[in-house]
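Structure assessment
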Amino acid sequence: SMRVIVGKKNTQTPSFTAYITRVITYPYWTVPFSIATKEMLPKIRKSISYLDNNNLQVINGKGVEVDPKTVDWNRFSPKYFPYTLRQSTGCDNALGVLKFDLNSPFSVYLHDTNRRDLFGKKDRFMSHGCVRVEKPMELAQYVLSNGLDSATIANLNQCVRDQKPTEFPLKKRFPVLILYMP
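Here's a quick rundown of the structure. This one's a predicted model, so the numbers in the text were calculated from it and none came from an experiment.

1. Description of the overall build of the protein
- Broken down by element type, the protein carries 4 helices and 11 strands.
- Compactness check: the protein gives a C-alpha radius of gyration of 17 Å against a globular reference of 16 Å for 182 residues, within 12% of the reference.
- Looking at the 182 residues of the protein, the share that counts as buried comes to 42%.
- When the accessible area of the protein is evaluated, it comes to approximately 10600 Å², of which 50% is carbon and sulfur surface.

Right under this line is the structure:
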């Protein structure tokens, strides 16, 4: 049993059933197109330092990181944005240090968070649809047959920046039922 943070009224978490397919340590956060273009692009236009301040990388269509200072940000809009924004790994990553991938038709998953202080709030409708879990390490230990080894746990507790993501596939399918009933 644990608290969760779920979608805001205008970005509700969808109700669905799925299976956790894998646990990823030190995940990248690939910013959804709508968030990148509607929320972040205006901030980038105001100050290119927004990208550095939020540990965001600019990735082109070939998967190559691009120097953001070489990009004319005024050319883009929510209708035309040929880049992907990706947040580097670490404790300041919006996904925290653990992500639980789901086989769902939505771009929604369970994950850790870099804002654990928010679990103390009564109103926890704060996400764009994903479900932030209060005790991600306990959930990982529960869904993985052999759990996480002590070296991995120690590494996660150190919150090392720019770690490569590591995938832990589940040996047994783990069902998830999400009901969004505010």
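2. With respect to the sheet that holds strand 1 (residues 4-7)
- The 7 strands are arranged 9-1-10-8-7-2-11 in an open sheet whose pairing can be described as mixed. Taken across any chain shown, the strands that pair with only one partner, and hence form the sheet edges, are strand 9 (125-127) and strand 11 (166-178).
- Of the pairings in the sheet, the one linking strand 2 (residues 16-25) to strand 11 comprises 9 bridges and is antiparallel in character. Opposite Tyr19, over in strand 11, you have Pro175 as the bridge partner.
- Packed on one face of the sheet, helix 3 (residues 136-143) meets strand 2, strand 7 (98-102), strand 8 (110-111), strand 10 (131-133) and strand 11 and runs near 50 degrees to strand 7.

3. Here's the deal with the nonpolar core
- Val23, Met40, Trp73, Leu85, Phe100, Leu102 and Leu110 are the most contacted members of the largest nonpolar core, which has 45 residues in total.
- Secondary structure elements with two or more residues in this core: strand 2, helix 1 (33-46), helix 2 (49-53), strand 4 (56-59), strand 7, strand 10, helix 3 and strand 11.
- At 5 residues, helix 1 tops the list of elements feeding residues into this core.
- When near neighbours in sequence (up to four residues on either side) are disregarded, Leu110 contacts Ile20, Lys99, Phe100, Leu102, Val131, Val133, Leu139 and Ile178.

4. Examining the environment of Asn74
- Positionally, Asn74 belongs in the loop between strand 5 (65-66) and strand 6 (84-87).
- Between the C-alpha atom of Asn74 and that of Lys9, which follows or precedes it by 65 residues, the distance is 30 Å.

5. Focus: a nonpolar patch on the surface
- Together, Leu177, Leu179 and Met181 make up an exposed nonpolar region whose accessible area comes to about 390 Å².
- Residue placement: Leu179 occurs in the segment after strand 11.
- Taking the relative accessible area as the measure of exposure, Leu179 reaches 55% and is therefore exposed.

Here is what the cut-offs are and how they apply
- Residues numbered from 1 in each chain as written.
- Predicted model: local features only at pLDDT ≥ 70, side-chain atom pairs only at ≥ 80, totals over all residues.
- Heavy atoms only, no water.
- Helix = DSSP H or I, 4+ residues; strand = E, 2+ residues; numbered from the N terminus.
- Rg over C-alpha atoms; globule rule 2.2 N^0.38 Å.
- Buried < 20%, exposed > 50% of the residue type's maximum accessible area, 1.4 Å probe, protein only.
- Areas by Shrake-Rupley, 256 points an atom, 1.4 Å probe, with all protein chains shown as cover.
- Pairing = 2+ DSSP bridges.
- Contact = heavy atoms within 4.5 Å.
- Axes fitted to C-alpha atoms, helices over the stretch in contact; angles between N-to-C directions.
- Core = buried A, V, L, I, M, F, W, Y, C linked by side-chain atoms within 4.5 Å.
- Patch = residues over 30% accessible without salt bridge, like charges linked within 9 Å, V, L, I, M, F, W, Y side chains within 5 Å.
- Salt bridge = Lys/Arg side-chain N within 4 Å of Asp/Glu carboxyl O.

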